[in-house]
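Residues per chain are reported as follows:
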Amino acid sequence: MRTEFKLKTLAVGLLVSSMVACTGKTSENNTSCAGDTTCCSKDSVCNKNKEMTYTKKYTNADFYKDGKFDQEVAMKAFKDMFEFYGVPFTPLMEKDMWVTDFGLGDFENVGMGGIFWVNDQEHSYFAHEIYLLPSQMIPEHAHMKTKFPAKFESWMVQKGMCYNFSAVGEETPNPPALPESQKGFITSKNFVVQQAGEVVHLKKIETFHFLIAGPGGAVVSEWASYHDNAGLRFTNTKASL
């Protein structure tokens, strides 16, 4: 009987301990359990597989000094997002990664970071990583035929999520909020919500399209035929790459 009582007492103790670990509450205080995926903050649901969302930390007030785009601050913002998502900032990225506001002066909402891993004219293939801060949009654009075939591309979200817009198809209801600076320059009204691990293809060659990151930003891999910048067309004629 005494042995059975001890086993029951031990079982109850383990149950209470697991409840404390899950709720983040103790008899003395609340703990955030930082870094422990089995333990959630007092304001969260306990979910081992839940990925916390990166939050916006920079605005146009940070990105522009006397009206000039500060690329160093933009890189700092991306590095902060990389750290959150566990994306290594490699020596090659240090050397070749670029950031742009497309000359539109609204990097908080319209811009990107990127690196061309490969852009092979001879063999006509292209590999690109796209970096988007929270709710950041790439201006609507299309790739036209030049002396090279029009670029065809596919995208896979690696981190975060994005809305993938196309001019092909019926207008999709309930779109995300789009930057005020791009109102009047958007013809792509059909979109899909693209989550991490999902692949989306350009619906039709030489058609307009764009990406806009979700509230947690996005890291997106792009594979395509050769990118000839001479074939790039923006609906916003002030935009350039």
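Conventions we followed
Residues numbered from 1 in each chain as written. Predicted model: local features only at pLDDT ≥ 70, side-chain atom pairs only at ≥ 80, totals over all residues. Heavy atoms only, no water. Helix = DSSP H or I, 4+ residues; strand = E, 2+ residues; numbered from the N terminus. Buried < 20%, exposed > 50% of the residue type's maximum accessible area, 1.4 Å probe, protein only. Contact = heavy atoms within 4.5 Å. Areas by Shrake-Rupley, 256 points an atom, 1.4 Å probe, with all protein chains shown as cover. Expected span 1.5 Å × (residues − 1). Polar contact = N/O pair within 3.5 Å; in protein donor to acceptor, adjacent residues only side chain to side chain. Phe/Tyr/Trp six-rings, centres within 6.5 Å; stacked < 30°, edge-to-face > 60°.

A. Quick look at the overall build of the protein. When you go through the protein residue by residue, the secondary structure sums to four helices and eleven strands. Buried positions account for 41% of the 241 residues belonging to the protein. When contacts within the protein are restricted to residue pairs at least 6 apart in sequence, those whose partners lie at least 24 apart make up 70%. A total of about 13800 Å² of accessible surface is found on the protein, and carbon and sulfur atoms cover 55% of it.

B. Focus on unusual backbone geometry. Backbone geometry places Asp66, a non-glycine residue, at a positive phi of 55 degrees. Mapping Asp66 onto the fold places it in the loop between strand E1 (64-65) and strand E2 (68-69). Not every positive phi belongs to a glycine, and Ser124 is a case in point at roughly 55 degrees. Following the sequence through the fold, Ser124 ends up in the loop between strand E4 (112-120) and strand E5 (125-132).

C. How the structure looks around helix H3 (residues 71-85). Here H3 spans 21 Å end to end across 15 residues, near enough to the 21 Å set by a 1.5 Å rise per residue. For H3, the full list of buried residues reads Val73, Ala74, Met75, Ala77, Phe78, Met81, Phe82 and Tyr85. The N-terminus of H3 is capped by Asp70, whose side-chain oxygen sits 3.1 Å from the backbone nitrogen of Glu72.

D. Region of interest: the packing of aromatic side chains. This structure, assessed with the given rule, holds 19 aromatic pairs. With a centroid separation of 6.4 Å and 45 degrees between ring planes, the pair formed by Tyr54 and Tyr85 is classed as tilted. Highlighted residues: Tyr54 in the loop between helix H1 (2-23) and helix H2 (60-63) and Tyr85 in helix H3, separated in sequence by 31 residues. Residues Phe82 and Phe89 carry aromatic rings whose centres are separated by 6.2 Å and whose planes lie at 25 degrees to one another, so their mutual orientation is stacked. By relative accessible area, Phe89 is classed as partly exposed at 26%. The rings of Tyr58, Phe63, Tyr64, Phe69, Phe78, Phe82, Phe89, Phe107 and Tyr131 are connected pair by pair, giving a single aromatic cluster.

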